[in-house]
Amino acid sequence: MNTNKVIQVKELTKVFGDFTAVNAITFDVEKGEIFGFLGANGAGKTTAMKMLIGISNPTSGKATVAGFDVFTNAEDIKKNIGYMSQKFALYDDLTVKENITFFGGIYGLSRKRIKEKAAILIKELGLENVANKLVGSLPLGWKQKLSFSVSLIHDPKIVFLDEPTGGVDPITRRQFWELIYKASHQGITVFVTTHYMDEAEYCDRVSIMVNGKIEALDTPKKLKEQFKVDTMNDVFLKLARG
Amino acid sequence: MSIKIANISKSYKKVNALKNISFEVKSGELFGLIGPDGAGKTTLFRILTTLLIANEGVASVAGFDVITDYKSIRKNVGYMPGKFSLYQDLTVEENLDFFATIFGTTIEENYDLIKDIYIQIEPFKNRRAGKLSGGMKQKLALCCALIHKPKVLFLDEPTTGVDPVSRKEFWEMLKRLQQKGITILVSTPYMDEAALCDRIALIQGGKILEIDTPAAIVKHYLKPIYNVSANNMYQLVNSLKAYEYNHSVYPFGEFVHYTDRRSDFNPAELKVYLESKKLSNITIEKTVATIEDTFMELAK
């Protein structure tokens, strides 16, 4: 197996009754790559992602994530990846420090390691003054940055981000992407879904799902050339609208 | 004027959600309230739809005062809240029929208004609302907000979390409704949707940053702005941020938007600096500001 490929997916399929939500998708993601996973609502993105993070059994096909098979080693996948979604992130009624400690504990870090990690994380995000405040009292943008850092607390090889920047202001959105770049620079693979097409341009490669299939997969530059348009938004509109 | 807002303030315990907001929306206008979560958009919607009382200031909608004439407002406006608020266990048709009946009308009477939108969900009219996809829920909610033929339509973040294709279709629907004479106040966190409104208010932290047409707002951005690109985005952003003369550095799709503090900025000088940071394939080209650039400059 090529160790540089952190995600390897072949003909992965999920069928619900007579509906094929994910239809034989095939792709690889390299170490340190920022991989954009796009598609219209209902195209099958969430179903595909659920299979990759080990919480939904595929109907057929093959996939390994961080070296583990999605069929036989789903539990190992969960321990070895980071995950952040806009919908579920942190506990609002725990403080910043408590959240970090909680998630560190969940991932089996030692007390000493949690302490070290918490100190680094709070310093890097500039949260010294609010470390003992309830997360619920923080602005959304701070929460999202904290949530991202917490998803990396156990040093995973790969982090899955499900629409991480919804609703935040444009400055915070960019600060968030700087954290993503930094993680990628450190060799962490980033698998991200978004509805912001300018964010699709920030990805190294982008795949676009339409009706359960991956209809396009390339660098943003090559996709724009291929579809003869100027922006990823136009690529998306062309593909998804047919 | 269809909506008048004068010196409205609202606070919840310690949070000042709205700070002395004033603006007006003309009859038949498509007006956008553009700002991130927590800017105060929903609070303003709730005050205008008479679901919340402001601490200070006055407001009227379709000629009716939000306090003294709240009942008239409720008959004359349609409101689509940000959170899906229809009955999940009623079918598509039952929901629509319910809202029509409440307002003393029938689906048939105003079918013309919703026809374009309703035919897209009609194949699923016997499906429970809770079982619809996000895009279909949004269309049903819009139909229910329109079924009594309101004069003013309030849409609170109708496109949040919606993919670009459905967003485009939704805005096309709004344009058609506007042509039928309905005044629309719509909020969105997507800056690219701002360009589709007649006028917009940029809002953040309970304050209006600016109100004007999208074209005029962009013109208010005075600094020359440059598209910068290089072989490595991460290092490019870091290098530009470390450059002592930078005024702003924001990634924008495949480029970084850069502005300089000096009035006699010379791009060639910046190129030399970036080369010294071991970047290659450097391009620096003048570009035009977008609504998002303006928003970030004002919010700085």
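Computed from a predicted structure; not experimentally measured. The numbering scheme is per chain: residues are counted from 1 as the chain's sequence reads. Note on labels: chains are lettered from A, ligands numbered from 1, in written order. Totals for whole chains, interfaces and linings use all residues, but because this is a predicted model, local features are given only for residues with pLDDT of at least 70 and pairs of side-chain atoms are given and counted only at 80 or more. Excluded from the side-chain calculation are hydrogens and water; included are all heavy atoms of the structure.

### Regarding the pairing of strand S1 (residues 3–12) of chain B
All names here are of chain B. The pairing criterion for strands is at least two bridges between them, as found by DSSP. Helix and strand assignments come from DSSP, with helices taken as H or I runs of at least 4 residues and strands as E runs of at least 2, each series counted from the N terminus. Note: S1 against strand S4 (residues 56–61), five bridges, orientation antiparallel. Looking at S4, one finds that lysine 4 is bridged to serine 60. Here S1 pairs with strand S2 (residues 15–25) via seven bridges, running antiparallel. Its bridge partner lying in S2, isoleucine 8 is registered against isoleucine 21.

### Side note on the packing of aromatic side chains
Ring pairs are drawn from Phe, Tyr and Trp, using the six-membered ring of Trp, whenever the two centres fall within 6.5 Å, and their geometry is named by plane angle: stacked under 30 degrees, edge-to-face over 60, tilted for the rest. Tallied over the full model, the rule gives 25 aromatic pairs over all chains. Ring geometry for phenylalanine 160 of chain A and phenylalanine 191 of chain A: centres 4.9 Å apart, planes at 50°, overall tilted. Taken together, the positions of phenylalanine 160 of chain A in strand S7 (residues 158–162) and phenylalanine 191 of chain A in strand S8 (residues 189–193) put the pair 31 residues apart, joining distant regions of the chain. Owing to a relative accessible area of 0%, phenylalanine 160 of chain A belongs among the buried residues under this scheme. Each residue's exposure class comes from its accessible area (1.4 Å probe, protein chains only) as a fraction of the maximum for that residue type: buried when under 20%, exposed when over 50%, partly exposed otherwise. You can call phenylalanine 191 of chain A buried: its relative accessible area is 0%. Feature note: the residues Tyr226, Tyr243, Tyr245, Tyr258, Phe265 and Tyr273 of chain B constitute an aromatic cluster, connected by ring pairs. The rule is short: NZ of Lys or CZ of Arg within 6 Å of the ring centre and within 35 degrees of the ring normal puts a charge over the ring. Sitting over the face of the ring of phenylalanine 252 of chain B, arginine 174 of chain A holds its NZ or CZ atom 4.3 Å from the ring centroid. Lying across the ring of tyrosine 190 of chain B, arginine 167 of chain B places its NZ or CZ 3.7 Å from the centre.

### Side note on the confidence of the model for chain A
Across chain A, the average pLDDT comes to 92, with 98% of residues at 70 or higher. The spread of mean pLDDT over the elements of chain A runs between helix H9 (residues 232–241) of chain A, the lowest at 88, and strand S4 (residues 60–65) of chain A, the highest at 97. Per-residue confidence from the predictor is given as pLDDT, running between 0 and 100.

### Regarding the interface of chain B and chain A
Where interface size is quoted, it is often the accessible area lost as the parts come together. Note on contacts: a residue pair is in contact if any heavy atoms of the two residues lie within 4.5 Å. Listed as interface residues are 30 residues of chain B and, on the opposing side, 29 residues of chain A. Throughout, buried area stands for the accessible area (probe radius 1.4 Å) lost by two parts on being put together, summed over both. For the chain B and chain A pair, buried surface summed over both sides reaches about 2,600 Å², with 61% attributable to carbon and sulfur atoms. Think of a salt bridge as a Lys or Arg side-chain nitrogen and an Asp or Glu carboxyl oxygen that are within 4 Å of each other. The interface formed by chain B and chain A includes four salt bridges. Glutamate 292 of chain B is the partner of arginine 173 of chain A in a salt bridge, and the nearest nitrogen-oxygen pair spans 3.0 Å. N or O atoms within 3.5 Å of each other form a polar contact, as long as, within protein, one can give a hydrogen and the other can take it, and as long as residues adjacent in sequence are counted only when both atoms are side-chain atoms. Taken together, the links from chain B to chain A amount to seven residue pairs in polar contact (both at pLDDT 80 or more). At the level of secondary structure, the elements contributing two or more residues to the side of chain B that touches chain A comprise helix H6 (164–179), helix H8 (233–242), strand S12 (246–252) and helix H10 (291–299) of chain B. In terms of residue count, the dominant contributor to the side of chain B that touches chain A is H6 of chain B (seven residues).

### Focus on the side chain of serine 184 of chain A
By the secondary structure assignment, serine 184 of chain A is in helix H6 (residues 170–185). In this structure, serine 184 of chain A is in contact with Gly32 and Ile34 of chain A, ignoring residues within four places of it in sequence.

### Let's talk about the packing of helix H5 (residues 134–146) of chain B against H6 of chain B
Two measures define how a pair of helices packs: the angle their axes make with one another and the distance between the axes. All names here are of chain B. A fitted line through C-alpha atoms represents every axis, and for helices the fit uses only the stretch in contact; the resulting angles, taken between N-to-C directions, go from 0 to 180 degrees. Packing of H5 against H6 brings their axes to within 12 Å, and their N-to-C directions diverge by 15°. Taken together, the axes of H5 and H6 lie roughly parallel to each other. Two packed elements cross with a definite hand, and for H5 against H6 that hand is right-handed. Together, Gln138, Lys139, Leu142 and Leu146 of H5 and Glu169, Phe170, Met173 and Leu177 of H6 make up the contact between the two elements. Considering only residue class, the contact of H5 with H6 consists of five nonpolar, one polar and two charged. Orientation is classified from the angle alone, with under 35 degrees giving roughly parallel, over 145 giving roughly antiparallel, 65 to 115 giving roughly perpendicular, and any other angle giving oblique. Left-handed describes a crossing in which the near helix is turned anticlockwise from the far one by less than a right angle; the clockwise case is right-handed. Classification used: nonpolar for Ala, Val, Leu, Ile, Met, Phe, Trp, Tyr, Cys and Pro, charged for Asp, Glu, Lys and Arg, polar for all others including Gly.

### Quick word on the sheet that holds strand S6 (residues 77–80) of chain B
All names here are of chain B. Strand order across the open sheet formed by six strands is S6-S7-S8-S3-S9-S10, with mixed pairing between neighbours. Unpaired on one side and paired on the other, S6 and strand S10 (207–212) mark the two borders of the sheet. Between one strand and the next, the sheet's axes are offset by a mean angle of 15°, whatever the strand orientation. Sheet topology note: the strand S7 (residues 152–156)/strand S8 (residues 183–188) ladder contains five bridges and is parallel. Within S8, the residue paired with leucine 153 across the bridge is isoleucine 184.

### Things to note about the side chain of serine 56 of chain A
All names here are of chain A. Topologically, serine 56 is positioned in the loop between helix H1 (45–52) and S4. The exposure class of serine 56 is buried, given its relative accessible area of 15%. A polar contact of 3.3 Å, which involves the side chain of serine 56, links it to the side chain of lysine 14. Contacts of serine 56, omitting those with residues within four sequence positions, involve Lys14, Lys50 and Met51.

### Examining the domain arrangement of chain B
Residues and elements named next belong to chain B. Annotation comment: domain bounds sourced from an automatic or database domain assignment. Segmenting chain B into domains produces domain 1 (3–219) and domain 2 (225–299). If you average the C-alpha positions of domain 1 and of domain 2, the two centres end up 38 Å apart. Facing 14 residues of domain 1, the contacting portion of domain 2 comprises eight residues. Buried area between domain 1 and domain 2, summed over both chains or domains, comes out near 900 Å², and the portion from carbon and sulfur atoms is 79%. Looking at the side of domain 1 facing domain 2, the largest losses of area belong to Met191, Leu209 and Val218, adding up to 57% of the total buried there. Counting the contacts that link domain 1 with domain 2 gives zero residue pairs in polar contact (both at pLDDT 80 or more). Of all the elements in the fold, those that place two or more residues in the side of domain 1 that touches domain 2 are strand S9 (199–204), S10 and helix H7 (214–219). With four residues, S9 is the largest single contributor of residues to the side of domain 1 that touches domain 2. Its residues placed into classes, the side of domain 1 that touches domain 2 shows eleven nonpolar, two polar and one charged.

### A short note on the pairing of strand S2 (residues 19–30) of chain A
Residues and elements named next belong to chain A. Sheet topology note: the strand S1 (residues 5–16)/S2 ladder contains eight bridges and is antiparallel. Within the sheet, the bridge partner assigned to valine 15 lies in S2 and is threonine 20. Here S1 folds back onto S2, and the loop between the two strands holds two residues, one of which, glycine 17, carries a positive phi near 55°.

### With respect to the pattern of salt bridges
Residue and element names in this part refer to chain A. Tallied over the full model, the rule gives 25 salt bridges over all chains. A salt bridge links arginine 113 to glutamate 116, with the nearest nitrogen and oxygen atoms 3.0 Å apart. One end of the pair is arginine 113 and the other is glutamate 116, both in helix H4 (residues 111–124) and three residues apart, which spans about a single turn. Here arginine 113 falls in the partly exposed class, since its relative accessible area comes to 31%.

### Topic: unusual backbone geometry
Residues and elements named next belong to chain B. One non-glycine residue, asparagine 20, lies in the positive phi region at around 55°. Along the polypeptide, asparagine 20 turns up in strand S2. A positive phi angle is found at lysine 149, which is not glycine, with a value near 50°. Here lysine 149 shows up in the loop between H5 and S7.

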